[in-house]
Amino acid sequence: MNTSHSSSPQVTVVGLGPMGQALATTLLQAGHGVTVWNRTHQKARQLVESGAEAHEDLHEALSGSQYVLICLRDYEAVHSVFRDLSVLRPDHIVINLTTGAPQDARDMAETARDADLEYLEGAILTPTPTIGTPAATILYAGSEATFGAAGPITEALGGSPHYLGPDFGRPAALDLALLDVFSTTVSGVVHGFALAKAEGIAASTFAAFAKGMSALLPEIIERFSAQIDAQSFPGDRSTIASAKSGVGHIIEAATGHGLNVAALKGLENVIDQAISAGYENDGLARLSQFMHN
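Since the structure is predicted, the reported quantities are computational estimates derived from the model, not experimental observations. (Residues numbered from 1 in each chain as written. Predicted model: local features only at pLDDT ≥ 70, side-chain atom pairs only at ≥ 80, totals over all residues. Heavy atoms only, no water.)

A. Representation of the packing of helix 11 (residues 240-256) against helix 12 (residues 262-276) in the model. Two numbers describe how helix 11 lies on helix 12: the axes approach to 10 Å, and their chain directions differ by 155 degrees. By the criterion of interaxial angle, the relationship of helix 11 to helix 12 is roughly antiparallel. Handedness of the helix 11/helix 12 crossing: left-handed. Residues Ile-240, Ala-243, Lys-244, Val-247, Gly-248, Ile-250 and Ile-251 of helix 11 form the contact with helix 12, whose own contacting residues are Leu-264, Lys-265, Leu-267, Glu-268, Ile-271, Asp-272, Ala-274 and Ile-275. (Axes fitted to C-alpha atoms, helices over the stretch in contact; angles between N-to-C directions. Helix = DSSP H or I, 4+ residues; strand = E, 2+ residues; numbered from the N terminus. Parallel < 35°, antiparallel > 145°, perpendicular 65-115°, else oblique. Left-handed = near helix turned anticlockwise from the far one by under 90°. Contact = heavy atoms within 4.5 Å.)

Take a look at the structure:
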């Protein structure tokens with residue numbers, strides 16, 4: 001074990017992808033003794049040079065640590081590495097920051113409970129450069145007592161650790177909902193570039209105007225949030241009927257250039273459902289009620 005970090009709790013980081021590397025580096029910089037394990041052992045080389053200890057055997061990597069921080073590709077990888085979790089001990093405080101679906105997290109927490117483990121599920125919302133800085137945003141769920149016991153680790157990772165309560169699936173659910181916003185926004189951006197190019201518009205010209213649209217989103221999100229909570233959808237800004245017309249024009253133009261309009265057709269279908277239900281004069285936040293298949 002690293003004796004230079006004996007005054008701080010020892011933590012084992014399992015998984016050394018880019019985020020795992022960032023987590024381990026940050027914990028080292030915070031003064032923790034860090035042991036690392038990865039299925040590809042070579043990924044540990046730089047961290048060892050920075051003061052971490054590495055083991056090829058998972059049992060050895062876990063043996064001297066109070067905390068276990070898991071950051072693997074997905075829950076299939078977690079199950080592959082830990083099997084029935086018997087390699088973990090009841091005196092470990094386990095923090096799982098693996099990305100997955102909410103039910104994956106709940107199922108994993110159930111397995112951890114059966115193994116009598118102190119266990120937290122978490123989700124990292126910000127990229128690797130933010131880890132260890134005030135800009136880091138990490139969500140956690142589990143028992144409040146375990147969250148408190150994990151404080152030396154959660155606080156070292158930066159930002160303000162956000163405790164979401166006992167529902168182990170809540171961090172993943174919020175993470176995926178936010179990723180939904182990001183993914184569909186990026187899809188719209190690249191589709192817009194493609195349509196502009198098809199019409200002979202330079203990317204730089206499109207970008208100059210498109211950048212201004214992002215400034216509209218914070219106000220829209222706040223307004224939609226208030227309307228959805230109040231279940232009141234005034235059409236004073238824009239209506240579902242006007243969205244139907246606008247989306248139709250985009251589909252027509254994009255189809256004429258041979259562009260993929262599957263996402264737009266999906267949106268059009270949602271709009272049509274809302275109109276069929278008699279909500280054509282309501283605001284666009286009403287569409288959130290028609291996103292189910």
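Now that the structure is up, let's keep going.
B. Inspection of the packing of aromatic side chains at higher detail. In this structure the tally under the stated criterion is five aromatic pairs. Ring geometry for Tyr-140 and Phe-147: centres 5.8 Å apart, planes at 45 degrees, overall tilted. Classification of Tyr-140 as buried rests on a relative accessible area of 0%. Connected via pairs of aromatic rings, a cluster forms that spans Tyr-140, Phe-147 and Tyr-163. Between the NZ or CZ atom of Arg-286 and the centre of the ring of Tyr-279, over which it lies, the distance is 3.9 Å. (Phe/Tyr/Trp six-rings, centres within 6.5 Å; stacked < 30°, edge-to-face > 60°. Buried < 20%, exposed > 50% of the residue type's maximum accessible area, 1.4 Å probe, protein only. Lys NZ or Arg CZ within 6 Å of the ring centre and 35° of its normal.)

C. Representation of the sheet that holds strand 4 (residues 67-70) within the structure. Pairing within the open sheet is mixed, and its eight strands lie in the order 3-2-1-4-5-6-7-8. Of all strands in the sheet, those with a lone pairing partner are strand 3 (53-54) and strand 8 (162-163), marking the two edges. With five bridges joining them, strand 6 (residues 118-124) and strand 7 (residues 138-142) adopt antiparallel strand pairing. The residue of strand 7 that forms the bridge with Ala-123 is Leu-139. (Pairing = 2+ DSSP bridges.)

D. View of the pattern of salt bridges. A full pass over the atoms with the stated rule returns 10 salt bridges. Across the pair Asp-167 and Arg-106 runs a salt bridge whose closest N-O atoms are separated by 2.9 Å. Here Asp-167, found in the loop between strand 8 and helix 8 (170-198), pairs with Arg-106, found in helix 5 (residues 102-114); they are 61 residues apart in sequence, far enough to count as distant. A residue is classified by how much of its surface remains accessible, and Asp-167, at 26% relative accessible area, is partly exposed. On the accessibility criterion, Arg-106 (31% relative accessible area) is partly exposed. The partner of Glu-268 in a salt bridge is Lys-244, with the nearest N and O atoms 3.8 Å apart. Of this pair, Glu-268 sits in helix 12 while Lys-244 sits in helix 11, and the two are 24 residues apart along the sequence. (Salt bridge = Lys/Arg side-chain N within 4 Å of Asp/Glu carboxyl O.)

E. Focus on helix 10 (residues 217-230). Taking 1.5 Å as the rise per residue, helix 10 with 14 residues should run 20 Å; its terminal C-alpha atoms sit 20 Å apart, in good agreement. Remark: Gln-231 follows helix 10 within two positions and exhibits a positive phi of approximately 55 degrees. (Expected span 1.5 Å × (residues − 1).)

F. Spatial organisation of the nonpolar core. In this structure, Leu-23, Leu-27, Val-34, Val-36, Leu-69, Leu-97 and Leu-157 are the most contacted members of the largest nonpolar core, which totals 30 residues. Listed by contribution, the elements that provide at least two residues to this core are strand 1 (10-14), helix 1 (18-29), strand 2 (33-37), strand 4, strand 5 (93-96), strand 6, strand 7 and helix 7 (151-156). When residues of this core are assigned to their parent elements, the largest contribution, six residues, is made by helix 1. Grouped together as the second largest cluster of nonpolar side chains are 23 residues, Val-14, Val-81, Leu-85 and Tyr-119 included. (Core = buried A, V, L, I, M, F, W, Y, C linked by side-chain atoms within 4.5 Å.)

G. Seen up close, the pairing of strand 4. By the alternation rule, side chains of strand 4 split into Tyr-67 and Leu-69 and Val-68 and Ile-70, which are all buried. Taken together, the four bridges between strand 1 and strand 4 define a ladder with parallel strand orientation. Within strand 4, the residue paired with Val-13 across the bridge is Leu-69. Bridging between strand 4 and strand 5 involves four bridges; their strand directions are parallel. Bridging across to strand 5, Tyr-67 finds its partner in Ile-93. Read as a crossover between parallel neighbours, the route from strand 4 over helix 4 (residues 75-82) to strand 5 is right-handed. (Right-handed = clockwise from strand over helix to strand, strands pointing away.)

H. Local environment of unusual backbone geometry. Despite not being glycine, Asp-116 has its phi angle at roughly 60 degrees, a positive value. Here Asp-116 is to be found in the loop between helix 5 and strand 6. Residue Asp-116 is classed as exposed on the basis of its relative accessible area, which comes to 58%. One non-glycine residue, Gln-231, adopts positive backbone phi at about 55 degrees.

I. Expanded view of the packing of helix 8 against helix 9 (residues 203-214). Relative to each other, helix 8 and helix 9 sit at 135 degrees, their axes nearing to 9 Å. Put simply, helix 8 runs oblique to helix 9. Relative to helix 9, helix 8 is oriented so that their crossing is right-handed. Judged by residue contacts, Val-189, Gly-192, Phe-193 and Ala-196 of helix 8 engage Ala-203, Phe-206 and Ala-207 from helix 9.

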